[in-house]
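# Structural characterization, general
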2 protein chains.
Amino acid sequence: MSSGAPPLALHPDARALEFLLGTWVGEGQGHYPTIATFGYREEARFWHVGKPFLAYSQRTWALDDGRPLHSETGYWRPKPDGVVELVIAIPTGHVEVDEGTLHGTTLVLSSRLVGATSTAKTVTGVTRQLEVDGDVLRYVVSMAAVGEPLQEHLTAELRRAP
Amino acid sequence: MSSGAPPLALHPDARALEFLLGTWVGEGQGHYPTIATFGYREEARFWHVGKPFLAYSQRTWALDDGRPLHSETGYWRPKPDGVVELVIAIPTGHVEVDEGTLHGTTLVLSSRLVGATSTAKTVTGVTRQLEVDGDVLRYVVSMAAVGEPLQEHLTAELRRAP
């Protein structure tokens, strides 16, 4: 959305996550004991609005037939001493409050809270590791859900779109 | 974000909220015992990706100097029997899981859960009433926060952008 105003400078408190800004595209794989393993194409976007956080949105599509799969959206909040907070909404009926730390350009977060609507599946914990190496972004999402213990669920490698 | 595929038809389960689709612009007012009353300009957008929910994002700017104020993003999930679930992330460090019902084109939701990061202000409850009358969308958001009981916080009237 346009603000109707000139572009805003990156907020000083958001500089710690400046390396995430932009659009990233690539592929990932999902697996979990309760589902068939699947491949996906992903587009993730990080942007700022001049305030001390980054906005975030991503979508994925099935590699086999291109149907839309997952999406999520939220905000990354860098705090002093390398602390990073993340709030996310997911159309599966979930919200996450994740917290963790930034080391260089690697983020390691775990859920402080996973909330769910009445009709959503039970998710009891999530961890997210995300690292940027130049123009490559890799992440691993682990999840404890539907009675299964915390385990790797998603891995992906994205490249910064020109 | 583009899917790289032809436009998708609205999912049948999302039709109940079809009246929300589009971009809405207008003005609102915020008030709360702990802050000075303020006016804002808002742009809200509801769209779909062919799945049984609507994606949602909004931003507001101060009426006095145009600085960016609030933003939030999430997903509206219509369910059988007029039930609607809403999951939202807010860059103040909050997430909401709201649930309620749709009557005609009026939604009345209340929070099942408000989650917060370690550094966010305490919010204990939110209600959202939203109604669409032709090309006019009005909403009222009430909030219980920072020790204050649930009370009206935001009112706005938006018009559908051409």
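Structure: see above.
As a starting point, this report considers the structure included with it.

What counts and how
- Residues numbered from 1 in each chain as written.
- Chains lettered and ligands numbered in written order.
- Predicted model: local features only at pLDDT ≥ 70, side-chain atom pairs only at ≥ 80, totals over all residues.
- Heavy atoms only, no water.
- Least-squares fit on C-alpha atoms with pLDDT ≥ 70 in both.
- Contact = heavy atoms within 4.5 Å.
- Salt bridge = Lys/Arg side-chain N within 4 Å of Asp/Glu carboxyl O.
- Polar contact = N/O pair within 3.5 Å; in protein donor to acceptor, adjacent residues only side chain to side chain.
- Helix = DSSP H or I, 4+ residues; strand = E, 2+ residues; numbered from the N terminus.
- Nonpolar A, V, L, I, M, F, W, Y, C, P; charged D, E, K, R; others polar.
- Core = buried A, V, L, I, M, F, W, Y, C linked by side-chain atoms within 4.5 Å.
- Buried < 20%, exposed > 50% of the residue type's maximum accessible area, 1.4 Å probe, protein only.
- Pairing = 2+ DSSP bridges.
- Axes fitted to C-alpha atoms, helices over the stretch in contact; angles between N-to-C directions.

### Considering the relation of the copies chain B and chain A
Least-squares fitting of chain B to chain A yields an RMSD of 0.0 Å, with the superposition described by an axial translation of 0.0 Å and a rotation of 180°. The two molecules are tied by a two-fold rotation axis, judged by turn and shift. Considering only C-alpha atoms, the residue of chain B closest to the rotation axis is Ala 89 of chain B, which sits at 2.7 Å. Most of the interface of chain B is mirrored in chain A: 100% of its interface residues are interface residues there too.

### Quick look at the interface of chain B and chain A
In this assembly, 44 residues from chain B lie in contact with 44 residues from chain A. On inspection of chain B and its partner chain A, the count reaches zero salt bridges. At the surface where chain B touches chain A, the tally comes to 23 residue pairs in polar contact (both at pLDDT 80 or more). Only β2 (35-47), β3 (54-62), β4 (68-78), β5 (83-90), β6 (94-103) and β7 (106-116) of chain B provide two or more residues apiece to the side of chain B that touches chain A. Top element by residues in the side of chain B that touches chain A is β4 of chain B. It accounts for eight residues. Residues of the side of chain B that touches chain A, tallied by class, amount to 18 nonpolar, 14 polar and twelve charged.

### Side note on the nonpolar core
One broad trend across soluble globular proteins is that nonpolar side chains are buried collectively. Residue and element names in this part refer to chain A. If you look at the biggest cluster of nonpolar residues, it comprises 36 residues, and the most contacted ones within it are Leu 20, Phe 46 and Trp 76. Per element, the largest residue contribution to this core is five residues, and it comes from strand β9 (residues 136-145). Setting aside chain neighbours within four positions, we find Phe 46 in contact with Leu 20, Leu 21, Gly 22, Trp 24, Leu 54, Ala 55, Tyr 56, Trp 76, Leu 130 and Leu 137.

### Some remarks on the sheet that holds β6 of chain B
An order of β1-β2-β3-β4-β5-β6-β7-β8-β9-β10 (chain B) is seen for the ten strands of this closed barrel, with the pairing classed as antiparallel. The average undirected angle you get between the axes of adjacent strands in this sheet is 25°.

### Focus: the pairing of β7 of chain B
All names here are of chain B. Summarising the sheet, β6 and β7 pair through ten bridges and their orientation is antiparallel. Each bridged residue has a counterpart across the sheet, and for Val 97 the counterpart in β7 is Leu 113. The turn linking β6 back onto β7 is made up of two residues, and Gly 104 within it adopts a positive phi angle of 60°. Bridge count between β7 and strand β8 (residues 123-133): five bridges; the pairing is antiparallel. Each residue of the ladder has a partner; that of Leu 109, found in β8, is Arg 128. Taking the residues that link successive antiparallel strands as the turn, the β7-β8 hairpin has six residues.

Geometry only, nothing functional implied.
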